[in-house]
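# Notes for the structure review
Take a look at the letters that make up each chain.
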Amino acid sequence: MGGAIEDLWPFNEEIVARAIYESQIPIISAIGHETDFTISDFVADLRAPTPSAAAEIATADVYEIKRKLDMYQDRCKQALRKKLELIRLKYEKIINSRVFTNPTQKIKEHYIQIDIKTKQLENLIGNKLKENKNKEMTLVAKLDTLSPLKTLTRGYSVIEHKGKIIKSIKQLQKDDEIQIRLEDGHLRAKVID
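The paragraphs below set out a description of the structure included in this document. (Residues numbered from 1 in each chain as written. Predicted model: local features only at pLDDT ≥ 70, side-chain atom pairs only at ≥ 80, totals over all residues. Heavy atoms only, no water.)

### Looking at the overall build of the protein chain
Here is the rule we go by: A run of DSSP states H or I qualifies as a helix once it reaches four residues; a run of E qualifies as a strand once it reaches two. Both are numbered from the N-terminal end. Restricting the calculation to C-alpha atoms gives the radius of gyration, and the globule rule supplies 2.2 Å times the number of residues raised to the power 0.38. Think of it in three bands: residues with accessible area under 20% of the maximum for their type are buried, residues over 50% are exposed, and the middle band is partly exposed, with areas taken using a 1.4 Å probe on protein chains only. Should any heavy atoms of two residues lie within 4.5 Å, those residues are considered in contact. For every accessible area listed, the method is Shrake-Rupley and the probe measures 1.4 Å; residues are considered covered only by the protein chains on display. Positive charges come from Lys and Arg, negative ones from Asp and Glu, while His and the chain ends are left out of the count. Note that the charge is assigned to NZ on lysines, CZ on arginines, CG on aspartates and CD on glutamates.
Scanning the protein chain from terminus to terminus reveals 8 helices and 6 strands. Taken against the 2.2 N^0.38 rule, which gives 16 Å for 193 residues, the C-alpha radius of gyration of the protein chain at 58 Å runs more than 25% over that of a compact globule. Taking the principal axes of its C-alpha atoms as reference, the protein chain extends roughly 160 × 55 × 20 Å. Counting over 193 residues, the protein chain shows a buried share of 13%. Contacts spanning at least 24 positions in sequence make up 24% of the contacts within the protein chain whose residues lie at least 6 apart. Of the accessible surface of the protein chain, which amounts to about 16,800 Å², a share of 61% is contributed by carbon and sulfur atoms. Taking the 33 positively charged and 29 negatively charged side chains of the protein chain as two groups, their mean positions are separated by 21 Å.

If you want it as structure tokens, here you go:
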């Protein structure tokens, strides 16, 4: 719209400016010519230099929209082709993997590992048992050597008085009754001297 300043004055009114500013619908201001400015131009969403320029801005170029849609469609097709190619490659890799070509191979490998570990464990247990048996025999031999009964077989005896083993003459007095343990039995005796 164009004309004298008086013709444009209503677009400088506060009520019009507020209505344009608060509008939920986008507004293009095209009041006057390129050199004419009103308050409405500053509160509008967009200012066009002339009303015919506003009409061009407000209406979409169908050919441009179609060109963009075609371009977006081509991009989508290319992206989809790439995605399908990646999926196909992954599928082929999985299908050609050992799990699909020879599914029992992995199980057989695990059975072999279990057999190896079982044999190792059996050997360890067998070796430990032999080692413990040898230690046990050595300890029994040592214990047998230190045994008081073994000492008795070599001709020695053990003397007891009132349930105590006598180690010194000082522990006994004349007329004490003692027990003497020999290899093949016990004797009772009396201290004479």
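### Section: the sheet that holds strand β4 (residues 164–165)
Our working rule: Pairing between two strands is assigned when DSSP locates at least 2 bridges connecting them.
On the basis of which strands lie adjacent, the open sheet formed by 4 strands has the order β4-β3-β5-β6 and antiparallel pairing. Pairing within the sheet leaves two strands with one partner each, and these edge strands are β4 and β6 (185–190). Here strand β5 (residues 177–182) runs beside β6; their pairing, made up of 6 bridges, is antiparallel. Within β6, the position partnered with Ile 180 by the bridge is Leu 187.

### Let's talk about the pairing of β5
Sheet topology note: the strand β3 (residues 158–161)/β5 ladder contains 3 bridges and is antiparallel. Bridge assignment links Ile 159 to a residue of β5, and that residue is Ile 180. The hairpin formed by β5 and β6 contains 2 residues between the paired strands.

### Considering the environment of Leu 172
You can see Leu 172 is positioned in the loop between β4 and β5. Aside from chain neighbours lying at most four places away, what touches Leu 172 is His 161, Ile 166, Ile 178 and Val 191.

### Focus on the nonpolar core
The cut-off we apply is this: Side-chain atoms within 4.5 Å are what join buried Ala, Val, Leu, Ile, Met, Phe, Trp, Tyr and Cys residues into a set we call a nonpolar core.
Of all hydrophobic cores here, the largest spans 5 residues; its members are Ile 166, Leu 172, Ile 178, Ile 180 and Val 191. Beyond its immediate chain neighbours, meaning those up to four positions away, Val 191 contacts Leu 172, Gln 173, Lys 174, Asp 175, Asp 176 and Ile 178.

### What about a nonpolar patch on the surface?
Quick note on the threshold: Excluding any residue in a salt bridge, patches collect residues exceeding 30% relative accessible area, merging like charges within 9 Å and nonpolar Val, Leu, Ile, Met, Phe, Trp and Tyr side chains within 5 Å. Basic side-chain nitrogens of Lys or Arg form a salt bridge, by our definition, when they fall within 4 Å of a carboxyl oxygen of Asp or Glu.
Taken together, the side chains of Tyr 91, Ile 94, Ile 95, Val 99 and Phe 100 present a nonpolar region at the surface, about 510 Å² in accessible area. Residue assignment for the nonpolar patch shows that the elements contributing at least two residues are α5 (62–95) and α6 (98–101). Sort the elements by how many residues they give to the nonpolar patch and α5 lands first, with 3 residues. Structurally, Val 99 is set in helix α6.

### Describing the pattern of salt bridges
What the rule picks out here adds up to 10 salt bridges. For Glu 160, the salt bridge goes to Arg 181, with nearest N and O atoms at 3.0 Å. Taken together, the positions of Glu 160 in strand β3 and Arg 181 in strand β5 put the pair 21 residues apart, joining distant regions of the chain. Overall, the relative accessible area of 22% leaves Glu 160 in the partly exposed class. What you see here is one network of salt bridges that share partners, running through Glu 85, Arg 88 and Glu 92.

### Observations regarding unusual backbone geometry
Of note, Lys 162 is a non-glycine position whose phi angle comes to about 55°, a positive value. Backbone geometry at Asp 175 places phi at a positive 75°, although glycine is not the residue there. On the secondary structure map, Asp 175 appears in the loop between β4 and β5. Judged by its relative accessible area of 46%, Asp 175 is partly exposed.

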